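This is what each chain is made of:
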Amino acid sequence: MSDTQDPSHPYADLTPDCVIDALCSTGLVPDGRLTALSSYENRVYLAHQDEGDKVVAKFYRPGRWSRAQIEEEHAFSQELADSEVPVVAPLVLQAQTVHEHAGFLFSISPWRGGRRPELDDWEVLEWIGRFLARIHTVGAAQPFTHRPALNLKSFGYESMHYLLEHEVVALEVRSRWQQACDKALSLIAPSADGLSAAGHFCLHSATQIRLHGDCHPGNILWTPLDDEGHGGPHFVDLDDARSGPAVQDLWMLLSGDRGQQTQQLSALLEGYEQFRSFDRRELALIEPLRTLRLLHYSAWLARRWQDPIFAINFPWFGSTDYWQGQVDMLHEQIEALQQEPLYA
């Protein structure tokens, strides 16, 4: 990868003064204190107000989502909040949740503290499972109109083709990487009978519902129970909300070997099925979804490389060692795709 950075990258003009002016344009009165929060896709700031309240301002990456797509995400968040699902929905300021300043679309949300959940605690997993079921009950009530779906084409083939066409993959391993991609995608792709090449339930066979979309542990904040019984998980960052199978919001909470993942999955589904039925055939999609995320992640880094924050935070991306590691992981996924799915 080239070290040359484009001075006209999307956030070049988003200075602290610009952020403060944007907050003021919504009627807020910031006191000037800003703290950049961890985010690569967007720019997110914790801002203090004169009266002492704290808010989170998210400036969306130009060109990624349309205003209609962002508004649809916000509407989904509000549906969840109205159903007493613990999500952090954007504030309505000046009768809207999406604002524009200096060419940037942005939103303001209340600040909520918390820590990552303890996923080795089965009670915590069961609790998260209950709330995921409630998210999916709301998500299944109606479809997205503007937001995309998670599918093989966009996450798999388009990611692979982008990386090859832009010669991102290190030359020394490019042929081996492409062969591994082709093999993995062929195992995921549907055959004429609607099953994957490995003979399992296929991605396009699953019921599509509105999802959180990126439900990894970092997007769940946990607060301890207080004397009134308030606390537990709340879900943040629906920026990747899209349509897809319910299992997409569960599998990223699994880790460890097959035995550990089976136990974690059992705890999640124990909570989930207290509120909503789960189609166990979707468990066959866990390894296909993991493989698609692997390809999509590399393409995401490549597509964002002209943003200086990526070279700073991902200096290893593009090296021969990185791509050799990707080849190794793809081979592991090829083996996993041919094994029996997890069960719970």
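Worth saying up front: this structure is predicted, and the values here are computed from it rather than measured.

Q: I'd like a description of the overall build of the protein chain, backed by residues and values.
A: Of the regular secondary structure elements, the protein chain holds 10 helices and 9 strands. In terms of overall size, the protein chain behaves like a compact globule, its C-alpha atoms giving a radius of gyration of 21 Å where 344 residues would be expected to give roughly 20 Å. Scored against the burial criterion, the 344 residues of the protein chain give a buried share of 51%. Long-range contacts, defined as pairs at least 24 residues apart, comprise 71% of the intrachain contacts of the protein chain with a sequence gap of at least 6. A total accessible area of about 16000 Å² is found for the protein chain, and carbon and sulfur atoms account for 50% of it. For the protein chain, the separation between the mean place of its 27 positive charges and that of its 48 negative charges on side chains is 3 Å.

Q: Just give me the short version of the sheet that holds strand β4 (residues 99-101), but keep the residues and values in it.
A: The 5 strands lie next to each other as β1-β2-β3-β5-β4, forming an open sheet whose pairing is antiparallel. Edge positions in the sheet fall to β1 (30-37) and β4, since each has one partner strand and no second. Across the sheet, the axes of successive neighbouring strands diverge by a mean angle of 35°, strand direction being ignored. The pairing of strand β2 (residues 43-49) with strand β3 (residues 54-59) spans 6 bridges and is antiparallel.

Q: Outline the packing of aromatic side chains, supporting the account with residue identities and numerical values.
A: For the structure shown, the criterion picks out 20 aromatic pairs. When the centroid spacing of 6.0 Å and the interplanar angle of 0° are considered together, the rings of Y11 and F104 count as stacked. Of this pair, Y11 sits in the segment before α1 (16-25) while F104 is found in strand β5 (residues 104-110), placing the two residues 93 residues apart along the sequence. According to the relative accessible area criterion, F104 is buried, its value standing at 4%. For the ring pair F317 and Y322, a centre distance of 5.0 Å and an interplane angle of 70° mean the geometry is edge-to-face. Here F317 and Y322 have matching classes, each one buried.

Q: Can you explain the side chain of D240? Please cite residues and give values.
A: Tracing the sequence through the fold places D240 in the loop between β8 (232-235) and β9 (243-244). A distance of 2.7 Å separates a polar atom in the side chain of D240 from a polar atom in the side chain of R64. Not counting residues within four places of it along the chain, the set of residues in contact with D240 comprises R64, R147, H212, G213 and D214.

Q: Go over the pairing of β1 with me, naming the residues and quoting the values.
A: In summary, the side chains of a regular strand alternate between the two faces of the sheet. In the sheet, β1 pairs with β2 via 5 bridges, with the strands oriented antiparallel. Looking across to β2, one finds that A36 is bridged to Y45. From the end of β1 to the start of β2, which pair antiparallel, there are 5 residues.

Q: Quick one: what's the story with the nonpolar core, residue by residue and with numbers?
A: Counting residues in each nonpolar core, the largest one holds 80 residues, and the members touching the most others are I128, L132, W177, F235, F317 and W323. If you tally residues by element for this core, the top one is helix α8 (residues 286-303), at 9 residues. Every residue in contact with I128, bar those within four places of it in the chain, is listed here: P117, L119, I220, W222, P233, F235, L253 and L268.

Q: So what's going on with the environment of S255? Residues and values would help.
A: The residue S255 is located in the loop between α6 (248-251) and α7 (258-272) in this model. Of the residues examined, S255 reaches a relative accessible area of 44% and is grouped as partly exposed. C-alpha of S255 to C-alpha of Y60: the two residues are 195 residues apart in sequence and 30 Å apart in space. Other than its neighbours up to four places away in sequence, S255 contacts Q260, Q261 and Q264.

Q: So, the environment of L295: which residues are in play, and what are the values?
A: Turning to its location among the elements, L295 is positioned in helix α8. On the basis of relative accessibility, which here comes to 3%, the residue L295 falls in the buried class. For the pair L295 and L163, spaced 132 residues apart in sequence, the C-alpha separation works out to 9.2 Å. Every residue in contact with L295, bar those within four places of it in the chain, is listed here: F155, G156, S159, L163, W177, C181, L185 and L330.

Q: Talk me through unusual backbone geometry; I want residue IDs and the actual numbers.
A: One non-glycine residue, E167, lies in positive phi territory at about 50°. Relative to the elements of secondary structure, E167 occurs in the loop between α4 (152-165) and α5 (174-188). In this structure, D237 is a non-glycine residue whose phi angle is positive, near 60°. Structurally, D237 can be placed in the loop between β8 and β9. Under the relative-accessibility criterion, D237 is labelled partly exposed at 33%.

Cut-off values and rules
- Residues numbered from 1 in each chain as written.
- Predicted model: local features only at pLDDT ≥ 70, side-chain atom pairs only at ≥ 80, totals over all residues.
- Heavy atoms only, no water.
- Helix = DSSP H or I, 4+ residues; strand = E, 2+ residues; numbered from the N terminus.
- Rg over C-alpha atoms; globule rule 2.2 N^0.38 Å.
- Buried < 20%, exposed > 50% of the residue type's maximum accessible area, 1.4 Å probe, protein only.
- Contact = heavy atoms within 4.5 Å.
- Areas by Shrake-Rupley, 256 points an atom, 1.4 Å probe, with all protein chains shown as cover.
- Lys, Arg positive; Asp, Glu negative; His and termini not counted.
- Charge placed at Lys NZ, Arg CZ, Asp CG, Glu CD.
- Pairing = 2+ DSSP bridges.
- Axes fitted to C-alpha atoms, helices over the stretch in contact; angles between N-to-C directions.
- Phe/Tyr/Trp six-rings, centres within 6.5 Å; stacked < 30°, edge-to-face > 60°.
- Polar contact = N/O pair within 3.5 Å; in protein donor to acceptor, adjacent residues only side chain to side chain.
- Core = buried A, V, L, I, M, F, W, Y, C linked by side-chain atoms within 4.5 Å.

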